[in-house]
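Reading the structure
For reference, the chains in residue letters:
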Amino acid sequence: MAVIKTVLVPNIGDAHDVDVIEISVSVGDNIEADDTLITLESEKASMDIPSPYSGIIKSLDIKVGDKVSQGSQVLTMEVAGESDLESASKEEVIDESQKEEQVKKAESTEPAKVIESDSEKAQLDTNADTYASPVVRRVAREFDIDLNQINGTGRKGRITKEDLQSYVKSRIAQGGGSGLSVIDMPDIDFSKFGEVETKPLSRIKKYSAANLHRNWVSIPHVTQFDEADITEMENFRQAHKAHAEKEGFKLTPLVFLLKVAAKCLQKFPDFNASLSKDGQNLILKKYINIGVAVDTPDGLVVPVVKNVDQKGLFELAKELVELSKKAREKKLMPDDMAGSCFAISSLGGIGGTAFTPIINAPDVAILGVSKSQMKPIYKDGEFEARLMLPLSLSYDHRVIDGAAAARFITHFSKLLGEISLLLL
Ligand code: CAO
């Protein structure tokens, strides 16, 4: 007959008030004897507390962050039969009649502040859902490694020492063997110098900040500049603008840029690619999806226009309006932002002469576009007023050489300068 048993913290030597850093089971779990129930960490060591029985977890009486000592109540479980009980240590098991007394004892254990610093707490919280030995957990904490990033190959997906070692090796390989060592930002009380206001970053800003930072420090960026003569393109655009507006969308220069980018990505396939995670291969994409940076009140988002090569100018214009509307109304779905090959960041509607866009990894290049301007261009022995569009192409120098980037942007400018070439 099944019986409810209470499991206590067993003899843990002379350690008292040790931290519960992990709970490996949940109510309802059917576990085997010796499966890890919880992990404790004292100043000297971390230890897994195994289950004395096989059975079903009925209640959990501690949580991560509690401090426990020998005899503190851990959980209750339903075990299969009395015979199991007999083999268990009497010290570690009490039956229902003793439970109340033990619960009181557990309650009287003063809950303690386990984690001293915010960053340590954040790391503990990050790794709380993972299944790993105390040693692995400790090393991860010391080196600020997020265990959620590692696939455990041990029993029940447990992260082994070897898993951790191969993860670290692959990170070193990706980083070219040298970690960045930078000093911390100073923690300054700005109110000492005048009135200040603290405004929390939006969710989008926090997310994009982390990605932009990673892309900036992990990709060797080079930015190649050029100017395209878009006089002819602008005449064409003006001629068809009213028609587009009647249909309810805008024919802006960006639509032409998308079309031209698709042609260039077809001609220069290395730009339509991603580096494999281990940095050993280039994955060439046979589709052409282009991300477009959209400025929203909450921050920058990059929806992706799919199969740009298969769409006409009007179709692209319509899609751009829809995507930027969705972006500004916070209605973009994850699919709308997935699968890009290349990106365009257009600040042309605002101003500026050039900028150095950050690559939207895993893309290997991004085109920045600034505001077009009428300029005197020397042509056939005289100066002519031409509308010039500034282009800034940032590329990943691990994948793309300077010469290839110069060829790409020259071809880009040529197509923009003679848009009839788009028909070829
Ligand atoms: N030169 C001159 N004028 C330009 C231009 C350029 N390169 N690009 C656009 N314009 C004009 C447009 O033609 C339009 O004028 P008209 O209404 O007279 O035709 C006006 O500027 C506004 O265009 P728009 O911004 O509404 O449309 P768009 O297609 O150019 O851009 C979108 C759409 C969603 C990309 C844009 O609104 C946007 O959010 N841009 C900001 C992107 C950004 O923040 N990038 C930075 C990322 S890095 O931090």
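Residues numbered from 1 in each chain as written. Predicted model: local features only at pLDDT ≥ 70, side-chain atom pairs only at ≥ 80, totals over all residues. Heavy atoms only, no water.

1. Some words on the site of the ligand
- Taken together, 23 residues lie near the ligand, and Thr252, Asp295, Arg328, Ser345 and Ser372 sit nearest.
- Contact between the ligand and Arg328: an oxygen atom at 2.8 Å from a side-chain N or O atom of the residue.
- Ser370 places a polar main-chain atom, nitrogen or oxygen, 3.0 Å from a nitrogen atom of the ligand.
- Protein coverage of the free-state accessible area of the ligand, which is 960 Å², stands at 72%.
- Of all the secondary-structure elements, those providing two or more residues to the shell around the ligand are α7 (231-246), α8 (253-267), β14 (294-296), α9 (313-328) and β17 (342-346).
- Class assignment of the residues belonging to the shell around the ligand gives a composition of nine nonpolar, eight polar and six charged. (Near = heavy atom within 4 Å. Polar contact = N/O pair within 3.5 Å; in protein donor to acceptor, adjacent residues only side chain to side chain. Areas by Shrake-Rupley, 256 points an atom, 1.4 Å probe, with all protein chains shown as cover. Helix = DSSP H or I, 4+ residues; strand = E, 2+ residues; numbered from the N terminus. Nonpolar A, V, L, I, M, F, W, Y, C, P; charged D, E, K, R; others polar.)

2. Describing the confidence of the model for the protein chain
- Chain-level statistics for the protein chain give a pLDDT mean of 85 and a share of 85% at 70 or above.
- Predicted confidence for residues 84-97 stays below pLDDT 50, and this span has 23 contacts to residues more than four positions away or in other chains.
- Per-residue pLDDT stays below 50 along residues 102-125; that stretch engages in 26 contacts with residues further than four places along the chain or on separate chains. (pLDDT = per-residue confidence, 0-100. Contact = heavy atoms within 4.5 Å.)

3. With respect to α8
- Over its 15 residues, α8 runs 21 Å from end to end, which matches the ideal 21 Å to within 8%, given 1.5 Å per residue.
- The element α8 is largely enclosed, with a buried count of eleven among its 15 residues.
- Every buried residue belonging to α8 is among Leu254, Val255, Phe256, Leu257, Leu258, Lys259, Val260, Ala261, Ala262, Cys264 and Leu265, and all of these are buried. (Expected span 1.5 Å × (residues − 1). Buried < 20%, exposed > 50% of the residue type's maximum accessible area, 1.4 Å probe, protein only.)

4. What to know about the pairing of strand β8 (residues 73-79)
- β8 sits mainly inside the fold: six of its seven residues count as buried.
- Inspection of the sheet shows strand β6 (residues 55-60) paired to β8 by five bridges, in the antiparallel sense. From the neighbouring strand, Ile56 faces β8, where its bridge partner is Glu78. (Pairing = 2+ DSSP bridges.)

5. Topic: the side chain of Arg386
- Relative to the helices and strands, Arg386 is located in strand β20 (residues 382-396).
- Separated by 2.6 Å, the side chains of Arg386 and Asp229 make a polar contact.
- Not counting chain neighbours up to four residues away, the residues in contact with Arg386 comprise Asp229, Thr231, Gln373, Met374, Lys375, Ile377 and Lys379.

6. Details of unusual backbone geometry
- Following Ala361, the chain continues into Pro362 via a peptide bond in cis, with omega recorded as 10°.
- Among the structural elements, Pro362 can be located in the loop between β17 and β18 (365-369).

7. Quick look at the pattern of salt bridges
- Overall, the coordinates contain 14 salt bridges when judged by the stated rule.
- Among the ionic pairs, Glu234 bridges to Arg237, the shortest N-O distance being 2.9 Å. Of the two residues, Glu234 and Arg237 both sit in helix α7, three residues apart, roughly one turn of that helix. In terms of burial, Glu234 and Arg237 fall into one category: buried.
- Ionic pairing is found between Asp298 and Lys330, a salt bridge with its closest N-O pair at 2.9 Å. One end of the pair, Asp298, is in the loop between β14 and β15 (299-301); the other, Lys330, is in the loop between α9 and β17, and 32 residues separate them in sequence.
- Through salt bridges with shared partners, one network takes in Asp229, Glu384 and Arg386. (Salt bridge = Lys/Arg side-chain N within 4 Å of Asp/Glu carboxyl O.)

8. Describing the layout of surface pockets
- Its volume calculated, the second largest pocket comes out at about 1000 Å³.
- Forming the boundary of the second largest pocket are 35 residues, of which Tyr207, Ser208, Leu300, Val301 and Val302 lie nearest the centre.
- Listed by contribution, the elements that provide at least two residues to the lining of the second largest pocket are α6 (203-218), β15 and β17.
- At eight residues, α6 tops the list of elements feeding residues into the lining of the second largest pocket. (1 Å grid on protein atoms, 1.4 Å probe; cavity = no way out; pocket = protein on both sides within 12 Å on 5 of 7 lines; lining within 4 Å. Points joined across faces, edges and corners; volume = space filled by probe spheres on them.)

9. Observations concerning the pairing of β6
- Across two bridges, the pairing between strand β3 (residues 30-31) and β6 is antiparallel. If you follow Asn30 over to β6, its bridge partner there is Ile56.

10. Thoughts on the environment of Ile12
- Within the secondary structure layout, Ile12 lies in the loop between β1 (3-8) and β2 (18-23).
- Linking Ile12 and Gln70, residues 58 residues apart in sequence, is a C-alpha distance of 6.3 Å.
- Apart from the residues lying within four places of it in its own chain, the contact partners of Ile12 are Val18, Leu40, Met47, Ile49, Ser69 and Gln70.

11. So, the packing of aromatic side chains
- Within this structure, the stated rule accounts for eight aromatic pairs.
- Relative to Phe408, the ring of Phe342 lies with its centre 5.8 Å away and its plane at 45°, an arrangement referred to as tilted. Highlighted residues: Phe342 in strand β17 and Phe408 in helix α10 (residues 402-417), separated in sequence by 66 residues.
- On the basis of relative accessibility, which here comes to 1%, the residue Phe408 falls in the buried class.
- Among the aromatic residues, those joined into a cluster by ring pairs are Phe268, Phe271, Phe342, Phe408 and Phe412. (Phe/Tyr/Trp six-rings, centres within 6.5 Å; stacked < 30°, edge-to-face > 60°.)

12. Notes on the nonpolar core
- In terms of nonpolar packing, the biggest core is built from 54 residues, with Phe342, Ile344, Leu391, Phe412 and Leu416 touching the most fellow members.
- Take this core: its biggest share by element is ten residues, from α8.
- For Phe342, the contacting residues outside a window of four places in its chain are Ala261, Leu265, Phe271, Asn289, Ile290, Gly291, Asp363, Ala365, Ile366, Leu367, Leu393 and Phe408.
- Counting residues in each nonpolar core, the second largest holds 22 residues, with Val3, Val18, Leu40 and Ile49 among its members. (Core = buried A, V, L, I, M, F, W, Y, C linked by side-chain atoms within 4.5 Å.)

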